[in-house]
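Each chain is listed here by its residues.
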Amino acid sequence: ESTLISAGEPIENQECVENADCGCEDLTCEQIGGAATCVSLFTEREPNDSPLEASALTLNRRVVGELEETSSRDWYAFNLNASQIDTEYEIELHSFCNDLPPNTFLEILNEDGVVIRFDRDQGEGTLSKIRAFISSEVGRFYVRVSAELPSRGKYVISIKESQSETILPESRRCTQDADCLCDAL
């Protein structure tokens, strides 16, 4: 199973005493080789160029990724258990430390590799965001991040419970009271 690297890449020539010295929420100040330097909080595990090499994506944790070439694709995986189904999630790409982000394309795939949601332009600027992802199935899901041509660079990916109004899956929607299981729906 995929795991994250807990300490990220050092940022060249960026010494620090505390986290605030690093200048953005995607960096932390850590002691490396006798000197304190800024490193990214969590980074993707390379290679992650296929579902078999997917980096773990964990609820409420920001992960730094990088599209090194315009043809690059980064894969992430997350699991939903019985207590997490029928919950609304957002999967979003953010710019890394306010750098100019790559122009991205974001897809969610099921265990069989079938694309079930995708986005090109719902996030900030050129970044992608999938809102209101709801699954009524338990299992493993994949997220594929790719760049629109010509674009490359670092990004931050996250998955979290959505704060928007709940949207019921198609199987649980009703058009009249008789369709609903109880009057609480």
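Residues numbered from 1 in each chain as written. Predicted model: local features only at pLDDT ≥ 70, side-chain atom pairs only at ≥ 80, totals over all residues. Heavy atoms only, no water.

Once that is clear, we can look at unusual backbone geometry. Cis rather than trans, the peptide bond between Glu 46 and Pro 47 has omega equal to -5°. Relative to the helices and strands, Pro 47 is located in the loop between β3 (35-40) and β4 (55-56). Although it is not a glycine, Asp 86 sits at a positive phi angle of roughly 60°. The topology assignment puts Asp 86 in the loop between β6 (73-80) and β7 (89-95). (Helix = DSSP H or I, 4+ residues; strand = E, 2+ residues; numbered from the N terminus.)

Take the environment of Asp 99 next. Locating Asp 99 in the fold gives a position in the loop between β7 and β8 (104-109). Overall, Asp 99 belongs to the partly exposed group, its relative accessible area being 41%. Expressed as a C-alpha distance, the spacing of Asp 99 and Gly 153, which sit 54 residues apart in the sequence, is 8.8 Å. (Buried < 20%, exposed > 50% of the residue type's maximum accessible area, 1.4 Å probe, protein only.)

Counting across every chain of the model gives five aromatic pairs. Cluster of aromatic residues (ring-pair linked, three or more members): Phe 78, Phe 133 and Phe 141. (Phe/Tyr/Trp six-rings, centres within 6.5 Å; stacked < 30°, edge-to-face > 60°.)

The analysis is restricted to geometry; functional conclusions fall outside its scope.
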